[in-house]
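One letter stands for each residue in the lines below.
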Amino acid sequence: MSSKKLPKDFLWGFATASYQIEGSPEVDGRGLSIWDKFSRTPGKTKDGKSGDVATDSYKRFKEDVALLKSYGCNAYRFSISWSRVIPQGGRNDPVNEKGLQFYSNLVDELLANGITPFVTLYHWDLPLALDERYGGWLNKDEAVADFERYARVCFEALGDRVKYWLTFNEPWCIAIHGYRRGLFAPGHVSDTEPWIVGHTLLVAHGRVARLYQKEFKGKQGGQIGITLNGDWSEPYDKNDPSHVAAAQQRLDFNIGWFAEPIYGSGDYPESMRRVLKERLPSFTEEEKKIIHGSSEFYGCNTYTTNLVKPGGDDESQGLAVTTFKGPDGKDIGVQSYCDWLQNVPWGFRKLLNYLYKRYHLPIYVTENGFAVQGEHTASLDQAIDDRDRVDYFVGYTRSLLDAVTQDGVVVKSYFAWTLADNFEWAEGYTARFGATHINFDTQERTPKASAKWLSQFFKETIEK
């Protein structure tokens, strides 16, 4: 372990999402979400399974908190299910007090165990009623007003105890996987809808952040932001200006799409306007004012690094060609179960530097993790000896530490993805990202080597 240290107020723990862990989809008045419908549709998930039970965390949340405590975590990032709190989702629809009470109990249990709650308002599970009523995020005026009311309900009920809020998890994934590629709920395939949805999400984020800052921050003393996904783009040939430009354009489409309006220029990147033309919506002056500067920190979800060259046809990747094969023909990292993910820790340090130098705000790393190949078919003994995941965490935490101690990047948290094996969206239960093994027949939880490694690392690395 390194002698370099992280500051004593550094938050570390695990991240989860409501639909991926809770189960109990129709218990205590919860309404259905777009993910209930999508994952129950044949052919939409790799193994044909849904989040109907998942890790059963609606019933077993105290077990989850006990695990976090046993690992020495001082924080836990979880999301609230909108349709558990407001089953029909709308601003004039009734609040489900039992659903709200569940999250209140979870917050209390975390605080009783010395664990800071870090709460995401929206991690992909839109109330199904809103998708059916007006098209969900495609209808800016309706969706923004309904999201604002939902956020207000959460701030009023939990904000006395919750001091870290995220509006959205990975708006890029919501828009691209949900409305362009059809891989995620609601399963649309369109070359116009994702840009409309992205615009709605930015306005909704801005409105809710301003609501919190104006009406709640003064008395509750918390802070609010958004978390953006984005992996580092490295030019395939650093000496070729076209490769350098392609890497930057991919960063514009993957990160700048949301980061520039919030943290940067106050508008979409010029490269996006050039490629998408009139399909990219325009902000009103009022929207620009609401959105720009609305996030108090930079929330960062990141997993890997790609080598990038020009000549692609995928607009969501900024028309870049991406690869893990270097000029020498070898992979730049160890391959995970997921085709999009290799272990490339040096890119993490570059990304942290890029974000901090460009946007000048403290960075909260809100997700980072690795799915080991073959783990879903491995025996328990094999699965808990998760050496590829340990190697991943060794490299990525070292990169984080170097960015903080050598480069002067201000990083305030590290949430590993994820606490335990869970429902991994379109992958069903085949992709295992957990630091804890779950037997989905018995729900028995067993710590993996990676959980023990992270526990020891942060115990030794955070200043006492």
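Residues numbered from 1 in each chain as written. Predicted model: local features only at pLDDT ≥ 70, side-chain atom pairs only at ≥ 80, totals over all residues. Heavy atoms only, no water.

Under the definition given, this model contains 60 aromatic pairs. Ring centres of Tyr392 and Phe393 lie 5.8 Å apart, and the angle between their planes is 75°; on these two criteria the pair is classed as edge-to-face. Judged by relative accessible area, which is 0%, Tyr392 ranks as buried. We classify Phe393 as buried; its relative accessible area is 1%. Between Trp453 and Phe457, the aromatic rings sit 5.1 Å apart at their centres with planes inclined by 15°, giving stacked as the arrangement. Of the two residues, Trp453 and Phe457 are both situated in helix H16 (residues 449-461); the distance of four residues between them amounts to about one turn of the helix. Judged by its relative accessible area of 19%, Trp453 is buried. Look at Phe457 and you get buried, because its relative accessible area is 6%. Between the NZ or CZ atom of Arg84 and the centre of the ring of Tyr58, over which it lies, the distance is 4.0 Å. When the ring centre of Tyr236 is taken as reference, the NZ or CZ atom of Lys309 above it lies at 4.0 Å. (Phe/Tyr/Trp six-rings, centres within 6.5 Å; stacked < 30°, edge-to-face > 60°. Buried < 20%, exposed > 50% of the residue type's maximum accessible area, 1.4 Å probe, protein only. Helix = DSSP H or I, 4+ residues; strand = E, 2+ residues; numbered from the N terminus. Lys NZ or Arg CZ within 6 Å of the ring centre and 35° of its normal.)

This model, assessed by the stated rule, comprises four cavities of 30 Å³ or more. Taken as a whole, the largest cavity spans an internal volume of roughly 90 Å³. Along its surface, the largest cavity is lined by 13 residues, and Ile21, Ser57, Tyr76, Phe102 and Leu106 are the ones closest to its centre. For the lining of the largest cavity, the elements supplying multiple residues, two or more each, are helix H1 (18-21), helix H3 (57-71), strand E2 (75-79) and helix H5 (97-112). Looking at the lining of the largest cavity element by element, the count peaks at four residues for H3. Looking at side-chain class alone, the lining of the largest cavity contains eight nonpolar, three polar and two charged residues. (1 Å grid on protein atoms, 1.4 Å probe; cavity = no way out; pocket = protein on both sides within 12 Å on 5 of 7 lines; lining within 4 Å. Points joined across faces, edges and corners; volume = space filled by probe spheres on them. Nonpolar A, V, L, I, M, F, W, Y, C, P; charged D, E, K, R; others polar.)

Among the nonpolar cores identified, the biggest contains 145 residues, and Trp137 and Trp165 are the most heavily contacted of them. Contacts of Trp165, omitting those with residues within four sequence positions, involve Ile80, Val119, Leu121, Cys154, Phe155, Leu158, Gly159, Tyr212, Gln223, Ile224, Gly225 and Phe297. (Core = buried A, V, L, I, M, F, W, Y, C linked by side-chain atoms within 4.5 Å. Contact = heavy atoms within 4.5 Å.)

Turning our eyes to something else, we now look at the environment of Ala247. Take Ala247: it is sitting in helix H10 (residues 241-263). Considering only alpha carbons, one finds Ala247 and Leu128, 119 residues apart in sequence, at a separation of 37 Å. When neighbours within four sequence positions are excluded, Ala247 is seen to be in contact with Ser233, Glu234, Pro235 and Val308.

Let us look at the sheet that holds strand E4 (residues 164-169). What the eight strands build is a closed barrel, ordered E1-E2-E3-E4-E5-E7-E12-E13; its pairing is parallel. Strand-to-strand, the axes of this sheet are offset by a mean angle of 25°, without reference to chain direction. Strand contacts of helix H7 (residues 140-158): strand E3 (116-122), E4 and strand E5 (223-229), with the helix running at about 160° to E3, the strand carrying the most contacts. (Pairing = 2+ DSSP bridges. Axes fitted to C-alpha atoms, helices over the stretch in contact; angles between N-to-C directions.)

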